[in-house]
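Fold and contact review
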Amino acid sequence: MTGRIKTALPSLAAALSAFGIAAAGPVQAAPAGGDLRAAHAARLDPDRSGRAVYETTCAACHGSDGTGAPATRVGFQAPLPDFTDCSFASREPDADWVAVAHEGGPVRGFDATMPAFGEAVSGAELQRAVDYIRTFCGEAAWPRGELNLPRPLFTEKAYPEDEAVWTVGSRTGSSAMWTSEAVYESRFGARSQWEIVVPYAVMESTGGGWTGGFGDVALGVKHAVWHSAAGGSILSVAGEVVLPVGDEDDGVGAGTTIFEPFVSFGQILPGDAFLQLMVGSELPASTARAEREGFWRVALGRSFQEGRFGRVWSPMV
C-alpha cells in the first residue's frame, strides 16, 4: 500500500494518565510529607530487584497486583491502567514506559497526573520496574510493542494493531489525478487484525473538468504466527480480498475480484535499524481483466531519536 499518515488511536489508552509509577501529581491522600518522590529517592538502592522498585515506587497507586488502586485511596479521578490486561500492557515498547515514568505523562501525550520522577529513580531502576510490570501479563501470545516497527510506504507491517490511516497522492500530466486512501485496522485476540481499505480518486476528464469516485474496496485479515521479543522478530500471514466496486472506465477499478495472500516479516537490527519484508501474489478472479502477479517488497531503515526521550524519525529505503 502507499505511504500512510497515522492518526493516533488509544493504545496505551487514556488510562496511562497514571502510568507505571505510584506518585501521580499532587495526591491528596499521600502519606505524611506529601512528596512521594523524595521519600522514594531516600530509599534508592542500585541493586534493588524490579519487584522491590515497583513495590516502593509504583504500588501505592498501581497496586501490588498491578490492577490499580481505587480513586478513594490515590486521591484523583484519572483512571489507572490495569497491568494484568495483556491487550493494554503488551502494546508499547519499554522505551515509552520508561520515558513516561521519567519525564511524566505529557512526554508521550498523556495526562499530567502522571508526574516526572526525573533522577529521583534511576533509568536502570525504572527498566527493572518495567521488566517486573511485564510479568503481570501472563500470556506469551501477545506480541511486544518493540516489534511494532515504523510503517513503510509500500511494505505491509507484520505487527497487528489498532489504527486509522489516511494517505494522499497525486499524478500530473495530461490526465491529472488526486488519490486518497482511508484505512481502518482493528485487532482481535492476541495476534490478529482485520482491516478495511477505501480508496477515493478525483481525476481530470478528457473534455475538461474533474470527476471523482471510489475505487476498489479491500477487506483484509492478518495473523502473527510467530514472534520473539528477545530475537526482535515477527512473522505474519495475511490476505486481502479486493472487491470490484470502483469504476473501471475511470481507472479506479480493476473490474474483477482480486485475492492477495502475502507473508510479512519484521526484524530489529543492531544500531536502531530494522528490516521489513513482504512477499505475496495477486490472484484475480478473471484473468481477462487483470493479470496474475507475484511481488516482493522490502524496507530497510533506521530510527533516530531527538535527545533521550524526544521524537523519533525513521528514514527508510
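Scroll up a little and you will see the structure.
Quick notes on the rules
- Residues numbered from 1 in each chain as written.
- Predicted model: local features only at pLDDT ≥ 70, side-chain atom pairs only at ≥ 80, totals over all residues.
- Heavy atoms only, no water.
- Helix = DSSP H or I, 4+ residues; strand = E, 2+ residues; numbered from the N terminus.
- Buried < 20%, exposed > 50% of the residue type's maximum accessible area, 1.4 Å probe, protein only.
- Contact = heavy atoms within 4.5 Å.
- Pairing = 2+ DSSP bridges.
- Polar contact = N/O pair within 3.5 Å; in protein donor to acceptor, adjacent residues only side chain to side chain.
- Salt bridge = Lys/Arg side-chain N within 4 Å of Asp/Glu carboxyl O.
- Axes fitted to C-alpha atoms, helices over the stretch in contact; angles between N-to-C directions.
- Parallel < 35°, antiparallel > 145°, perpendicular 65-115°, else oblique.
- Left-handed = near helix turned anticlockwise from the far one by under 90°.
- Nonpolar A, V, L, I, M, F, W, Y, C, P; charged D, E, K, R; others polar.
- Disulfide = S-S within 2.5 Å.

What follows concerns the side chain of S186. Looking at where S186 falls in the secondary structure, it is placed in strand β3 (residues 177-188). The buried category is assigned to S186, whose relative accessible area is 15%. Beyond its immediate chain neighbours, meaning those up to four positions away, S186 contacts E161, D162, S192, Q193 and W194.

Walk down a regular strand and you will see the side chains alternate between the two sheet faces. Sheet topology note: the strand β4 (residues 192-204)/strand β6 (residues 217-228) ladder contains six bridges and is antiparallel. Counted as the bridge partner of I196 is L219 from β6. Across eleven bridges, β6 lies against strand β7 (residues 233-243) in antiparallel orientation. Looking at β7, one finds that K222 is bridged to A238.

Turning next to the environment of T84. Structurally, T84 is set in the loop between α4 (71-74) and α5 (86-89). Each C-alpha atom, one on T84 and one on G138, is 7.7 Å from the other, the two residues being 54 residues apart in sequence. The contacts of T84, once residues within four sequence positions are left out, are D65, G66, T67, F136 and C137. Polar side-chain contacts of T84 include one of 2.5 Å to the side chain of D82.

Looking now at the pattern of salt bridges. Tallied over the entire structure, the rule returns 14 salt bridges. Here E119 and R308 are joined by a salt bridge, their closest N and O atoms 4.0 Å apart. Here E119 is found in the loop between α6 (94-103) and α7 (123-134), whereas its partner R308 is found in the loop between β11 (304-305) and β12 (312-313), with 189 residues between them in sequence. The class for E119 is exposed, based on a relative accessible area of 63%. Where salt bridges share partners, they join D94, R134, R144 and E146 into one cluster.

This brings us to the packing of α6 against α7. Across the interface, α6 lies against α7 with an axial gap of 10 Å and an inter-helix angle of 125 degrees. As summarised for this structure, α6 and α7 are arranged oblique, according to the angle between their axes. As for the relative orientation of α6 and α7, their crossing is right-handed in sense. Facing α6, whose interface residues are D94, W97, V98, A101 and H102, α7 presents L126, Q127, V130, D131, I133 and R134. Each residue belonging to the contact of α6 with α7 can be placed in one class, and the counts come to six nonpolar, two polar and three charged.

Turning to unusual backbone geometry, a few remarks are in order. For D272, which is not a glycine, the phi torsion comes out positive at approximately 65 degrees. With respect to the helices and strands, the residue D272 is situated in the loop between β8 (258-269) and β9 (273-284). The exposure class of D272 is exposed, given its relative accessible area of 54%.

Two cysteines, two sulfur atoms, one covalent bond between them: this is a disulfide. A complete count under the given rule lists one disulfide for this structure. Here C58 is not disulfide-linked; the sulfur of C61 is the nearest cysteine sulfur, at 9.3 Å. Note on C61: relative accessible area 3%, which makes it buried.

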